[in-house]
Amino acid sequence: MSLADLKYLADVKYLPETPAHDPEIEAINDEAFGPGRFVLAAYKIRQGGPHERALSFVAVDGAIVVASVRMTRIAAGAGRALMLGPLAVRPAFKNLGIGRKLVAIALEAAAKTGAPAVMLVGDEPYYGPLGFRRLPRGQISMPRPVDPDRLLAHEIVPGAMARLAGEVCHADQARIAAHIAAMA
């Protein structure tokens, strides 16, 4: 890490996400993932309801958002968890540890709220050192195709991931389905 990198890190602050950050977060996600993100399984789940702003964070350099991470409540079978993502960092700020720090902050916040687990679709070499492990093949399914080797989870409460089974959806969609079933 160079002296310039250390300068960047000294100036970067980590804050809870607010609605004022939304336009910059959208721009960062567009820059990182492009329009192809709208067809991804994780995006389909996120369309089912809002993300948890209280568990979502940004990294700022001065007044500019340079990275963000969001959490969304999900359900699969009897299990409940949070889904981490998207995690995006502006190119000039990559490889400085900012993304990893955001993930650590989000995991700590999730644990404080009593969330049982956090899952994501991502690369094990990146997320493994942060405590994420591959889910057993076939335990869960996503609403669109996903490489099963990229389904990772960080268990906060022992045994929580075993409760997730079947297709993953936004937790709001699971509540609506349960309410409709109860009325039938």
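Residues numbered from 1 in each chain as written. Predicted model: local features only at pLDDT ≥ 70, side-chain atom pairs only at ≥ 80, totals over all residues. Heavy atoms only, no water.

Explanation requested: unusual backbone geometry in the structure shown.
Here Gly85 and Pro86 are connected by a cis peptide whose omega angle stands at 0°. Position of Pro86 relative to the elements: it lies in strand S4 (residues 79-89). A positive phi angle, close to 65°, is found at Asn95, a residue other than glycine. For Asn95, the location among the structural elements is in the loop between S4 and helix H4 (98-112). (Helix = DSSP H or I, 4+ residues; strand = E, 2+ residues; numbered from the N terminus.)

Hey, could you run me through H4 in this one?
Within an α-helix, residues lying three or four positions from one another point in the same direction, as the helix has 3.6 residues per turn. Taking 1.5 Å of rise per residue, 15 residues should cover 21 Å, and H4 covers 21 Å from first to last C-alpha, within 8% of that figure. Turning to H4, its buried residues number three or more, namely Ile98, Gly99, Leu102, Val103, Ala106, Leu107, Ala109 and Ala110. Trailing H4 by a residue or two, Gly114 shows a phi angle of about 85°, which is positive. (Expected span 1.5 Å × (residues − 1). Buried < 20%, exposed > 50% of the residue type's maximum accessible area, 1.4 Å probe, protein only.)

Would you mind showing me how to read the nonpolar core here?
For soluble globular proteins, the rule of thumb is that nonpolar side chains tend to be buried together. Within the largest apolar cluster, 28 residues are counted, with the highest numbers of intra-cluster contacts made by Leu84, Tyr127 and Phe132. Those elements that place two or more of their residues in this core are strand S2 (57-61), strand S3 (64-77), S4, H4 and strand S5 (117-121). Considering each element in turn, this core owes the most residues, seven residues, to H4. Not counting residues up to four positions away in its chain, the partners in contact with Phe132 are Val103, Leu107, Val118, Leu120, Tyr127, Leu152, Ala153 and His154. Counting residues in each nonpolar core, the second largest holds 18 residues, with Ile74, Ala81, Met142 and Met161 among its members. (Core = buried A, V, L, I, M, F, W, Y, C linked by side-chain atoms within 4.5 Å. Contact = heavy atoms within 4.5 Å.)

Mind showing me how you'd approach helix H2 (residues 22-33) here?
For H2, spanning 12 residues, the distance from its first C-alpha to its last is 16 Å, which sits close to the expected 16 Å at 1.5 Å a residue. Ile25, Ile28 and Asn29 are the residues of H2 that are buried. Buried residues of H2, viewed axially, fall in a sector of 100°; they line one side. Taken together, the buried residues of H2 touch S2, S3 and S4. At the exit of H2 stands Gly34, carrying a positive phi of roughly 65°. (Arc of directions from axis to C-beta.)

What should I look at first to understand the environment of Thr72 in this one?
Along the chain, Thr72 turns up in strand S3. In this structure, the C-alpha to C-alpha distance between Thr72 and Ser56, residues 16 residues apart in sequence, is 8.7 Å.

So what exactly am I meant to see when it comes to the pattern of salt bridges here?
When the charged atoms of two side chains lie near each other, side chains of opposite charge can form a pair. Tallied over the full model, the rule gives 13 salt bridges. The salt bridge involving Arg53 is made with Asp22; its shortest N-O contact spans 3.0 Å. On the criterion of sequence distance, the pair formed by Arg53 in the loop between helix H3 (41-46) and S2 and Asp22 in helix H2 is long-range, its members being 31 residues apart. Judged by relative accessible area, Arg53 falls into the partly exposed class, the value being 26%. Classification of Asp22 as partly exposed rests on a relative accessible area of 26%. Arg73 serves as the salt-bridge partner of Glu52, at 3.4 Å between the closest nitrogen and oxygen. Note that Glu52 is positioned in the loop between H3 and S2 and Arg73 in strand S3, a separation of 21 residues in sequence. It is possible to trace a salt-bridge network through shared partners that takes in Glu17, Asp22, Arg53 and Arg70. (Salt bridge = Lys/Arg side-chain N within 4 Å of Asp/Glu carboxyl O.)

Note that all results are geometric; they support no functional claim without further evidence.
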